[in-house]
Structure formats: structure tokens, C-alpha cells
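# Commentary on secondary and tertiary structure
Next come the chains, spelled out residue by residue.
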Amino acid sequence: MSNPSPRVLGLMSGTSADGVDCVLLELNGFPPIGSSGNPPELTGTGPRANILGQTYQSYPRELRDSVLAAARDELKTSELAQLDFELGEFLGNAALELS
């Protein structure tokens, strides 16, 4: 029985801070995550991954305002800590969309 190809989840928010793009990839020909195998030699121009799913989640207005305020260094430490929690929850929910 062959090992399944590793899957990775990417989450990204750009400088506009309007939301989060999410993509779930399957890495064809790569060893399972956690194994000691070497990745394949990257030759040619063919695809090295399959896109299994993708989604975009818009930030709610209040969360976007907080992200932009943090980028402008306008938040107190306690507000940054709260934003860290809220962003983590938002990113986790966005990732669940692809599970």
C-alpha cells in the first residue's frame, strides 16, 4: 500500500486586510509529512501539486478595522492580544471551510 501524498493548507491576508485567501494542496510525489524521505527533484514545468479546494473569507468590518489599526501601531498591548485571539479564531474557521 502506498503512502498518501502530503496535504498542506495555506492561509494569506494581503496588505489591504480585506480578508483571507485559503487553499488546500496535495503535493504529488512528495514523501509523507514526518518521514525522513527527500522531496522529489524539481524538474520540468508540470504541476507539482493538486488544488483540492480554495476559498476566500472577508473580514468582518470590526476585525478589518482592528487589523489596520495594528498595522498603523495604534493598538495597546491588551488590544493586540485580543486581536491575536480574534484572528486565530477567524483563521481557524476559514481553514475549517476546506476540511
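To start, this report covers the structure provided alongside it. (Residues numbered from 1 in each chain as written. Predicted model: local features only at pLDDT ≥ 70, side-chain atom pairs only at ≥ 80, totals over all residues. Heavy atoms only, no water.)

### Considering the nonpolar core
The following threshold applies: Put simply, a nonpolar core is a bunch of buried Ala, Val, Leu, Ile, Met, Phe, Trp, Tyr and Cys residues held in one set by side-chain atoms that sit within 4.5 Å of each other. Relative accessibility under 20% of the residue-type maximum defines a buried residue, over 50% an exposed one, and the middle range a partly exposed one, all with a 1.4 Å probe and only protein chains included. Strands here are runs of E lasting at least two residues and helices are runs of H or I lasting at least four, both read from the DSSP assignment and numbered beginning at the N terminus. Residues are treated as being in contact if the distance between any of their heavy atoms lies within 4.5 Å.
Formed by 13 residues in total, the largest nonpolar core has its most connected members in Val20, Cys22, Tyr59, Leu63, Leu83 and Phe90. Mapped onto this core, the elements with two or more residues apiece are strand E2 (19-27), helix H1 (61-71) and helix H2 (77-96). Setting aside residues up to four positions removed in sequence, Leu83 forms contacts with Leu63, Ser66, Val67, Ala70 and Leu75.

### Structural notes on the sheet that holds strand E1 (residues 7-12)
Within a beta sheet, neighbouring strands are joined by backbone hydrogen bonds and run either parallel or antiparallel to one another. Quick note on the threshold: By definition, two strands form a pair when at least two bridges between them are found by DSSP. The convention used is that axes are lines fitted to C-alpha atoms, helices contributing only their stretch in contact, and that angles between N-to-C directions extend from 0 to 180 degrees.
Read from one edge to the other, the open sheet built from 3 strands follows the order E1-E2-E3, with strand pairing classed as antiparallel. Of all strands in the sheet, those bounded by a partner on one side alone are E1 and strand E3 (49-58). For this sheet, the mean angle separating the axes of adjacent strands, direction not counted, is 15°. Sheet topology note: the E1/E2 ladder contains 6 bridges and is antiparallel.

### Looking at H2
Let me state the cut-off plainly: The span you would expect from a helix comes to 1.5 Å times its residue count less one.
With 20 residues, H2 extends 29 Å from end C-alpha to end C-alpha; this agrees with the ideal 28 Å at 1.5 Å per step. Residues of H2 that are buried in the fold lie against E1, E2, E3 and H1.

### Topic: the packing of aromatic side chains
Heads up, the rule is: When the centres of two rings from Phe, Tyr and Trp lie within 6.5 Å, Trp using its six-membered ring, the rings pair. Their planes under 30 degrees apart give stacked, over 60 give edge-to-face, and anything left gives tilted.
As enumerated under the stated definition, the model contains 1 aromatic pair in all. Geometrically, the ring pair formed by Tyr59 and Phe90 is tilted, given 5.0 Å between the ring centres and 55° between the ring planes. Residue Tyr59 is found in the loop between E3 and H1, and its partner Phe90 is found in helix H2; the two are separated by 31 residues along the sequence. On the basis of relative accessible area, Tyr59 is assigned to the buried category, the value being 10%.

### Quick look at the side chain of Thr55
Put simply, the rule is: In the analysis that follows, any N or O atom pair within 3.5 Å is treated as a polar contact, provided that within protein one partner can donate a hydrogen and the other can accept it, and provided that, for residues neighboring in sequence, both atoms belong to side chains.
Among the secondary structure elements, Thr55 is positioned in strand E3. Polar side-chain contacts of Thr55 include one of 3.2 Å to the side chain of Gln57. Those residues in contact with Thr55, other than ones at most four positions away along the chain, are Val20, Asp21, Cys22, Ala94, Glu97 and Leu98.

### Thoughts on the side chain of Glu26
Along the chain, Glu26 falls in strand E2. Judged by its relative accessible area of 17%, Glu26 is buried. Sequence-distant contacts of Glu26, that is, excluding residues within four places in its chain, are made with Ser5, Pro6, Arg7, Arg48, Ala49, Asn50 and Leu52.

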